[in-house]
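Coordinate inspection notes
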Amino acid sequence: MQATAYTYDPESRSGQVLLDDGTPVPFDAAAFDAGGLRLLRPGQRVRIETEAGTGAEGEADGEGGAGGGTRGAGLRITLVTLQTF
């Protein structure tokens, strides 16, 4: 799944990304560290992998389901890395 870096705190290595529908989703240091990045700037396109908030496996590198609703609700980001083409 793709997103845009929204906030990043280098001290805590955590922040938020914006999904393409504008929904902010937070990520923690473990997700940042899993991606192997050193720094993240607001506005950078990133690839994220997620799990459902209940701990079930979520989509990775795929498109979200169609329909309304807030796609970011209940997602936990497990990896943040730069989007490459």
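Scroll up to find the structure this text is about.
Residues numbered from 1 in each chain as written. Predicted model: local features only at pLDDT ≥ 70, side-chain atom pairs only at ≥ 80, totals over all residues. Heavy atoms only, no water.

Quick notes on the nonpolar core
With 16 residues, the main nonpolar core has Val 17, Phe 27, Leu 40, Val 46, Ile 48, Ile 77 and Val 80 as its most contacted residues. Counting residues per element, this core draws most heavily on strand E1 (residues 2-9), which supplies 3 residues. Contacts of Phe 27, omitting those with residues within four sequence positions, involve Thr 7, Tyr 8, Arg 13, Ser 14, Gly 15, Gln 16, Val 17, Phe 32, Leu 40, Ile 77 and Val 80. (Core = buried A, V, L, I, M, F, W, Y, C linked by side-chain atoms within 4.5 Å. Buried < 20%, exposed > 50% of the residue type's maximum accessible area, 1.4 Å probe, protein only. Helix = DSSP H or I, 4+ residues; strand = E, 2+ residues; numbered from the N terminus. Contact = heavy atoms within 4.5 Å.)

Observations concerning the pattern of salt bridges
Counted according to the given criterion, the structure contains 4 salt bridges. When the shortest N-O distance is used, the salt bridge between Arg 13 and Asp 33 registers 2.7 Å. Placement of Arg 13 in the loop between E1 and strand E2 (14-19) and of Asp 33 in helix H1 (residues 29-34) is noted, with a sequence separation of 20 residues between them. The partly exposed category is assigned to Asp 33, whose relative accessible area is 39%. Here Arg 76 makes a salt bridge to Glu 51, at a shortest N to O gap of 3.0 Å. Of this pair, Arg 76 sits in strand E6 (residues 75-82) while Glu 51 sits in strand E4 (residues 45-52); the two residues are 25 residues apart in sequence, bridging distant segments of the chain. The partly exposed category is assigned to Arg 76, whose relative accessible area is 39%. (Salt bridge = Lys/Arg side-chain N within 4 Å of Asp/Glu carboxyl O.)

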